[in-house]
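Descriptive analysis of the structure
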Amino acid sequence: MAGGKAQITFLTAARDAGLTHSGKKQCFLVQGDDRVGAARDILKRLAEVNVNGVASSGVSASGGTYGLVLFVKHADLAAAAKAVGV
């Protein structure tokens, strides 16, 4: 699909179903070598600066890497970025 087309289709379907959009969300994509505790280390860095994760989803790849999508509250974006090294 063309960029944004799926999102527009989703928003139209949500609106037609009477759902409301909660607004723009921002997240971090954290990637690295997969190992036991990799996600824990990132979450610990956030905890050390008093930032709570709102939601996260992670995946491990067969090549020995991982990815973690991490959402935080908008007010915590700057502190979270600094904590994860962005």
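Quick caveat, the model's predicted, so the values are computed rather than measured.

**Observations regarding helix α3 (residues 77-84)**
Listed as buried for α3 are Leu77, Ala80, Ala81, Ala83 and Val84. Buried residues along α3 cover an arc of 165° about the axis, so they all sit on one side. More than 90 degrees from the buried face of α3, the exposed residues found are Ala78 and Lys82. Where α3 is buried, its residues touch β1 (27-33), α2 (38-48) and β3 (65-72).

**Quick word on the packing of α2 against α3**
Their axes nearest at 9 Å, the elements α2 and α3 cross at an angle of 130°. One finds that α2 runs oblique with respect to α3. Note on packing geometry: the crossing formed by α2 with α3 is right-handed. When α2 is examined against α3, the residues Ile42, Arg45 and Leu46 are found in contact with a partner set consisting of Ala80, Ala83 and Val84. A per-class count over the contact of α2 with α3 returns five nonpolar, no polar and one charged.

**So, the nonpolar core**
Counting residues in hydrophobic clusters, the biggest one holds 15 residues, and the most contacted among them are Phe28, Val30, Ile42, Leu46, Tyr66, Val72 and Ala80. Only β1, α2, β3 and α3 provide two or more residues apiece to this core. For this core, the element with the highest residue contribution is α3, accounting for five residues.

**Some details on the environment of Glu48**
By the secondary structure assignment, Glu48 is in helix α2. Glu48 gets classed as exposed once you look at its relative accessible area, which sits at 54%. When the C-alpha positions of Glu48 and Ala83 are compared, they lie 8.4 Å apart, and in sequence the two are 35 residues distant.

Parameters and conventions
Residues numbered from 1 in each chain as written. Predicted model: local features only at pLDDT ≥ 70, side-chain atom pairs only at ≥ 80, totals over all residues. Heavy atoms only, no water. Buried < 20%, exposed > 50% of the residue type's maximum accessible area, 1.4 Å probe, protein only. Helix = DSSP H or I, 4+ residues; strand = E, 2+ residues; numbered from the N terminus. Arc of directions from axis to C-beta. Contact = heavy atoms within 4.5 Å. Axes fitted to C-alpha atoms, helices over the stretch in contact; angles between N-to-C directions. Parallel < 35°, antiparallel > 145°, perpendicular 65-115°, else oblique. Left-handed = near helix turned anticlockwise from the far one by under 90°. Nonpolar A, V, L, I, M, F, W, Y, C, P; charged D, E, K, R; others polar. Core = buried A, V, L, I, M, F, W, Y, C linked by side-chain atoms within 4.5 Å.

This is a description of form; function is not addressed.
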